[in-house]
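# Architecture at a glance
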Amino acid sequence: MRPMKIGITCYPTLGGSGVVATELGKLLAEKGHEIHFITHSIPFRLGQFHKNIYYHEVEVNDYYVFRYPPYDISLASKMAQVAKMQQLDLLHVHYAVPHAICAFLAKQMMDRDLKTVTTLHGTDITVLAQDESLKDLIRLAIRESDAVTAVSQDLIKETRELLDITEPIDLTYNFVDKRVYYPRDIGTLRKDYASDNEKIVMHISNFRPVKRVSDVVDTFAKLNEKVPSKLLLVGEGPELSKIQCKINNMGLENKVHFLGKQDDVAQVISIADLMLLPSEKESFGLVALEAMACGVPTIGSIAGGIPELVSHGETGYLAPIGDTEKMAEYAVQLLSDPKLYAKVKEACLHRARTRFCNDLITAEYERIYYRVLGLE
Ligand code: GMT
C-alpha cells in the first residue's frame, strides 16, 4: 500500500483526545506516512523533531469588527489551504466540535474530492450533542464525514441514540505506545511519597466535576482505615480547591500529595499501586489504560466505556457510580493480598499489550483510511 498524506486536527494543548491524536500521528509518520498537524499550537505530546511530521499553525484573524475572533473559519480555511498545497489524501479530525464541522467546510472549498475521517472522543457527544444549539451541526458533520470512529462501544451507542445516526461508526479503541508505557524502574522515587509499609493510590484527571474526585478521596479514606496508604493526586482543574478543603476537613492532609500537572505520565504512574477512576461519565478513560500498560490496576465506576477497558475481577474492579464503599472494599481486597495483586498486575500487562497496543490500533486506522480512499 502506498504511503498517505494525512492532515490531523485536534486540541493540541489538553485532554486525552489531543494525546491520542498526536501519538497516532507520530506512529503513522514512523510507518512512512506524511503527517500534517493543523492546529492552533504545537501539540504538547509531539516532543522533538520527527521525520515525516509537519506543523501548520492556524492564525486567527482579529479584524476590528469581530467581537469574537472566528477561529473556526480560520481553521477551515487553513485545512483547505494545507490540503491543496500539500496534496493531502485526507483529513483526520479528533473531536466533533468544531473540528469535524471545519473539515466539512474545508471539503466544500476544494476543487477535488478530499476525504474526511472524524474520531469522536466523548464529551463532543455526551455533553455537546445534548446542546440544542449544536446538535444539528454535529449531526451534519458526522453524516458528511467519509468515516466516523468512536473510542468505545458505549460512545457509539450514545451517538446513535442522541443524534439519530444510522450510518456505520467504526469502533477504534484508544491505545498506548508500549515503548513508553511499561512498568518503569522508579528507583527510590517511591520513598519520597510513602514509607515501605504504605501503598500508593493515584488519581489523574483534569479535576472537572464529571471525574468525581470527591469519590476518590472518600474511597481513599475508607481504604486507609484498613491499609496504610498515601494518595497522589495528579492534574489540575476547577474542583481542585474544593478537594483541597475536603482533604483538610477530613484531616487527611498528611496522607495526600498534590503533584499538579505532569508530563511524564508513565513515570508517575509507575510509582502507584492502584489507580482510581470513579467518573460519572467516561467514554474510554485513557488514564486507566496508561495505568494498565504500566501494570497498575484500576478501580473505577461502571460508567461509559470504562467496563470495555477495565475487565472486572481481572485487571481491576468496577462499582456503581458513587459507591465508594464498594470501591474501598475492592481496594482493600486487592492491596492486602499479594498473590491476587500479582495476578491482576500480570493480567493488566497482558491486556494492554494484546488489546490496546499501538501496532494494532494504528493498523486499524490505516485500514479505515485506505477504505475511504478506495485503496483496500
Ligand atoms: O476526560 C476529559 O475530560 C477529556 C476528554 C478529551 O476530550 O480529551 O476526554 C475524552 O476523550 C478521551 C480520549 O479518547 C477519553 O479517554 C475520555 O474518556 C473522554 N472523556 C470523557 O468522556 C469525559
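All values derive from a computational prediction rather than experimental measurement.

Let us look at the sheet that holds strand S13 (residues 316-319). Hydrogen bonds between backbone groups are what pair the strands of a sheet, and the pairing can be parallel or antiparallel. Reading across from one edge, S10-S9-S8-S11-S12-S13 is the order of the 6 strands in this open sheet, with parallel pairing throughout. In the strand order of this sheet, the two ends are held by strand S10 (256-260) and S13, each with one partner. Across this sheet, the average inter-strand angle for adjacent strands is 20°, counted without regard to direction. Where strand S11 (residues 274-277) meets strand S12 (residues 298-301), 3 bridges bridge the pair, whose relative direction is parallel. Bridge pairing links Leu276 to Ile299 in S12.

Let us now look at the sheet that holds strand S4 (residues 90-94). Strand order in the open sheet made by the 7 strands is S3-S2-S1-S4-S5-S6-S7, with parallel pairing throughout. Because the sheet does not close on itself, it has two edges, and the strands there are strand S3 (53-57) and strand S7 (170-171). Two elements, strand S1 (residues 5-9) and strand S2 (residues 34-39), share 4 bridges in a ladder whose sense is parallel. Residue pairing in the sheet places Ile6 in a bridge with Ile35 of S2. Helix-sheet contacts for helix H2 (residues 71-85) involve S1, S2, S3 and S4, and the interaxial angle to S1 is about 170°.

Attention now goes to the UniProt feature "domain: Glycosyl transferase family" (unreviewed entry) in the chain. Sites flagged by UniProt as "domain: Glycosyl transferase family" (unreviewed entry) map to residues 189-347. Helix makes up 40% of residues 189-347 and strand 18%, whereas the separation of the span's terminal C-alpha atoms amounts to 25 Å.

Moving on to the domain arrangement of the chain. You can read the domains of the chain as domain 1 (5-175 + 357-372) and domain 2 (189-355). Between domain 1 and domain 2, the C-alpha centre-to-centre distance is 30 Å. Counting residues at the interface gives 14 residues for domain 1 and 12 residues for domain 2. When residues of the side of domain 1 that touches domain 2 are traced back to their parent elements, those giving at least two are helix H1 (15-30) and helix H6 (153-163). Classifying every residue of the side of domain 1 that touches domain 2 by side-chain character gives 5 nonpolar, 8 polar and 1 charged.

Cut-off values and rules
- Residues numbered from 1 in each chain as written.
- Predicted model: local features only at pLDDT ≥ 70, side-chain atom pairs only at ≥ 80, totals over all residues.
- Pairing = 2+ DSSP bridges.
- Helix = DSSP H or I, 4+ residues; strand = E, 2+ residues; numbered from the N terminus.
- Axes fitted to C-alpha atoms, helices over the stretch in contact; angles between N-to-C directions.
- Contact = placed C-beta atoms within 7 Å.
- UniProt positions renumbered as here; feature names shortened; annotations may be inferred.
- Domains from an automatic or database assignment.
- Nonpolar A, V, L, I, M, F, W, Y, C, P; charged D, E, K, R; others polar.

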